[in-house]
Amino acid sequence: WLNPLIQLSNKRPLVDDDVWSPPTHDRVNQTAAVFWEEWEKEIDACEGWNDESIEPEKRKRPPSLLRALFRAFGWKLVLGGLLQFSFFLFQIGQPFLVGELVSYIQNGDGGIRVGIGYALGFAALSMCSSICLAITFDNMRRLGSVMRSVLMVAIYEQGLKLTTAARMTSTIGQTTNLMSIDAEKLNLAVQFVHFLW
């Protein structure tokens, strides 16, 4: 499926119509709009957090990028966690079924149908376990890519809005670092976050 695209790219430069479009729910302009909406809600909820005239214990909490990202894309993160938990359950069930299969082989109780049932059950558990893990990895990889691209767009947009005085406080290298390395680290963190538990 990739060879025709590579051959075409050797003949002429690729244009937008040559490559496949991403799914509509993973397009950067749509996901960035969702993030900006949640970020505005986060800013509104934390209005006045840095007001020096308010006593420190009565001030609102500072705005949180992670909270806005979770509100925007948290359901995908939770879905990935549920799928990984299902994977663990299937993994835990396999040794019990193997024990029953070994017991059946030793005793032969119940006839051939019971043995075939155990073998088919073990195959089904293994297949379900593999499917859950593959879907988890795919969802988390896609979520990480979406979050990375949304953050890169957000940082770039904010960089364009900076005043000359604000640009003097940070270098181009720092902004590039935020856009590439830090956003990529968030991408990797999201992919493997469920391994923490």
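Notes on the structure follow. (Residues numbered from 1 in each chain as written. Predicted model: local features only at pLDDT ≥ 70, side-chain atom pairs only at ≥ 80, totals over all residues. Heavy atoms only, no water.)

**Focus: the pattern of salt bridges**
For side chains bearing opposite charge, pairing can occur when the charged atoms are close. Scanning all chains against the criterion turns up 10 salt bridges. Among the ionic pairs, aspartate 18 bridges to arginine 12, the shortest N-O distance being 2.7 Å. Using a relative accessible area of 35% as the deciding quantity, one classes arginine 12 as partly exposed. As a salt-bridge pair, arginine 142 and aspartate 138 come within 3.8 Å of each other at their nearest N and O atoms. In this pair, arginine 142 and aspartate 138 are both assigned in helix α4 (residues 111–161), four residues apart and thus about one turn of the helix distant. A residue is classified by how much of its surface remains accessible, and aspartate 138, at 29% relative accessible area, is partly exposed. Among the ionic contacts, a cluster of salt bridges with common partners joins Glu37, Glu38, Lys41, Glu42, Arg61, Arg67 and Arg71. (Salt bridge = Lys/Arg side-chain N within 4 Å of Asp/Glu carboxyl O. Buried < 20%, exposed > 50% of the residue type's maximum accessible area, 1.4 Å probe, protein only. Helix = DSSP H or I, 4+ residues; strand = E, 2+ residues; numbered from the N terminus.)

**What about the packing of helix α3 (residues 65–107) against α4?**
Two packed helices can be described by the angle between their axes and the distance between those axes. Relative to each other, α3 and α4 sit at 160°, their axes nearing to 8 Å. Taken as axis vectors, α3 and α4 run roughly antiparallel relative to one another. The two elements α3 and α4 cross, and the hand of that crossing is left-handed. Its residues assigned to classes, the contact of α3 with α4 shows 28 nonpolar, 13 polar and two charged. (Axes fitted to C-alpha atoms, helices over the stretch in contact; angles between N-to-C directions. Parallel < 35°, antiparallel > 145°, perpendicular 65-115°, else oblique. Left-handed = near helix turned anticlockwise from the far one by under 90°. Nonpolar A, V, L, I, M, F, W, Y, C, P; charged D, E, K, R; others polar.)

**Examining the nonpolar core**
If you look at the biggest cluster of nonpolar residues, it comprises 18 residues, and the most contacted ones within it are Phe35, Leu69, Phe73, Leu143, Met147, Leu186 and Val190. Secondary structure elements with two or more residues in this core: α2 (28–45), α3, α4 and α6 (172–191). In terms of residue count, α4 provides more of this core than any other element does, seven residues in total. (Core = buried A, V, L, I, M, F, W, Y, C linked by side-chain atoms within 4.5 Å.)

**As for the packing of aromatic side chains**
By convention here, two paired aromatic rings are described through the distance between centres and the angle between planes. Enumeration according to the criterion identifies four aromatic pairs in this entry. Measuring from centroid to centroid gives 5.6 Å for phenylalanine 35 and tryptophan 36, while their planes differ by 55°, and the two rings are tilted. Aromatic pair phenylalanine 35 and tryptophan 39: ring centres 6.4 Å apart, planes at 15°, arrangement stacked. Linking phenylalanine 35 with tryptophan 39, this pair stays in helix α2, spanning four residues, or about one helical turn. Given a relative accessible area of 2%, phenylalanine 35 falls into the buried group. Taken together, Phe35, Trp36 and Trp39 form an aromatic cluster joined through their ring pairs. (Phe/Tyr/Trp six-rings, centres within 6.5 Å; stacked < 30°, edge-to-face > 60°.)

**Points about α3**
Spacing of three or four residues puts side chains on the same side of an α-helix, whose turn is 3.6 residues. For α3, built from 43 residues, the straight-helix expectation of 63 Å at 1.5 Å per residue is met to within 8% by its first-to-last C-alpha distance of 60 Å. Helix geometry: α3 is bent most strongly at phenylalanine 73, by close to 75°. If you check the start of α3, you find a side-chain oxygen 3.4 Å away from the backbone N of leucine 66, and it comes from serine 64. Just beyond α3, the residue with positive phi is glycine 108, at close to 75°. (Expected span 1.5 Å × (residues − 1). Bend = angle between axes of the 7 residues up to and from the residue. Polar contact = N/O pair within 3.5 Å; in protein donor to acceptor, adjacent residues only side chain to side chain.)

**A short note on the environment of leucine 89**
When you line up the elements, leucine 89 lands in helix α3. For the pair formed by leucine 89 and leucine 125, sequence separation is 36 residues and the distance between their alpha carbons is 9.5 Å.

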